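The lines below spell out each chain.
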Amino acid sequence: MSEIKLAAEVRNSFGKGAARSIRRENKVPAVVYGHGTEPVHVTLPGHQLQLALRTPNVLLSLDIDGKNELAIPKAVQRDAIKGYLVHVDLLLVRRGEKVTVEVAVETEGDLAPGSFLVENVLNTLSVEAEATHIPTSVTVSIEGLEAGASIHAKDVALPKGTTLATDPEAVVIQILAAQAEEPAAEAAEGDASAEA
């Protein structure tokens, strides 16, 4: 995973008014915390941060007053209607340090012939990985599976150096038989005869 470098400006003004004026300048208020240090309130460049956050569990290299810090996003708040960034919480990490993160579960392959449905019971898995080698997703093969088949968390192949933090017995994917609906006319006749 590559690091994305961002320049962070330490901020001393707080509250809604200060946050609004920061966002008007196309910047985003953020807080950086972790490793037992005092939280540092910073301002980050809005457009660059928005692009960086397109990568799940992105590793950010922050330049804070000439000091380089590594951080990952812990909480991202967006405007509910317009979608712009409102605030970001960043967790400090170190090279070699293990962190627990959520990674997306993706499927590949085709089911066995027939009318089957794939149910994604879990869309993400909680895994522990080295901070500079966090996987963006894990892939599960559903090739040839039929109704009744299920894939548990312990069955998902994880990248080297990544360990499972989710319950190993948790169902991630299950295959269901598609159910055919009764035609509406037959259902109506059935209801009429039941009333008589």
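Residues numbered from 1 in each chain as written. Predicted model: local features only at pLDDT ≥ 70, side-chain atom pairs only at ≥ 80, totals over all residues. Heavy atoms only, no water.

Draft legend 1. Structural context of the overall build of the chain. Scanning the chain from N- to C-terminus turns up three helices and 13 strands. For the chain, the C-alpha atoms occupy an extent of roughly 80 × 45 × 25 Å along the three principal directions. Looking at the chain as a whole, 32% of its 196 residues qualify as buried. A sequence separation of at least 24 residues applies to 64% of the contacts in the chain between residues at least 6 apart. Accessible area of the chain: about 11600 Å², with a carbon and sulfur share of 50%. Across the chain, the centroid of the 17 positively charged side chains sits 19 Å from that of the 28 negatively charged ones. (Helix = DSSP H or I, 4+ residues; strand = E, 2+ residues; numbered from the N terminus. Buried < 20%, exposed > 50% of the residue type's maximum accessible area, 1.4 Å probe, protein only. Contact = heavy atoms within 4.5 Å. Areas by Shrake-Rupley, 256 points an atom, 1.4 Å probe, with all protein chains shown as cover. Lys, Arg positive; Asp, Glu negative; His and termini not counted. Charge placed at Lys NZ, Arg CZ, Asp CG, Glu CD.)

Draft legend 2. Representation of the sheet that holds strand β1 (residues 3-10) in the model. The six strands lie next to each other as β1-β3-β2-β6-β5-β4, forming a closed barrel whose pairing is mixed. Strand-to-strand twist across the sheet, computed as the mean angle between neighbouring axes with direction ignored, equals 45°. Inspection of the sheet shows β1 paired to strand β3 (residues 37-45) by two bridges, in the antiparallel sense. The partner of E9 across the bridge, within β3, is T43. (Pairing = 2+ DSSP bridges. Axes fitted to C-alpha atoms, helices over the stretch in contact; angles between N-to-C directions.)

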